[in-house]
Amino acid sequence: EAEPPADLAKALKSSSPAAQTWDTCTPAMRRDFIEWIVTAKQEDTRARRVVQTIQKLAAGKKRAY
């Protein structure tokens, strides 16, 4: 199972609703989020994707797309 990168792990710890949704995601769903974040070419894009991931997870969405 893929471990979230440090920036995503930190963001998950700061958002209980997002962390709860993350815990219910399948490994494939988690890999999709992680892949989407780590493939960003610029740090600004990566940071924005982490924020968007937390927002989606907090809203109960389990897909990066």
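Everything discussed here concerns the structure shown above.
Residues numbered from 1 in each chain as written. Predicted model: local features only at pLDDT ≥ 70, side-chain atom pairs only at ≥ 80, totals over all residues. Heavy atoms only, no water.

Hey, could you run me through helix α2 (residues 16-24) in this one?
Turn by turn, an α-helix covers 3.6 residues, leaving residues three or four places apart pointing in a common direction. Turning to α2, its buried residues are Ala18, Thr21 and Trp22. Summarising the axial view, the buried residues of α2 lie within an arc of 105 degrees, below the 170-degree limit, and thus occupy one face. Opposite the buried face of α2, at more than 90 degrees from it, the exposed residues are Gln20 and Asp23. (Buried < 20%, exposed > 50% of the residue type's maximum accessible area, 1.4 Å probe, protein only. Helix = DSSP H or I, 4+ residues; strand = E, 2+ residues; numbered from the N terminus. Arc of directions from axis to C-beta.)

Mind showing me how you'd approach the packing of aromatic side chains here?
The relation between two aromatic rings is expressed through the spacing of the ring centres and the mutual angle of the planes. If you walk through the whole model with that rule in mind, you get 1 aromatic pair. On the basis of an interplanar angle of 50 degrees and a centroid distance of 6.4 Å, the ring pair of Trp22 and Phe33 is categorised as tilted. With Trp22 in helix α2 and Phe33 in helix α3 (residues 27-38), the pair connects residues that are 11 residues apart, well separated along the chain. Across the ring face of Trp36, the terminal group of Lys56 is positioned such that the distance to the ring centre comes to 5.1 Å. (Phe/Tyr/Trp six-rings, centres within 6.5 Å; stacked < 30°, edge-to-face > 60°. Lys NZ or Arg CZ within 6 Å of the ring centre and 35° of its normal.)

Keep in mind that these numbers describe shape and distance, not what the molecule does.
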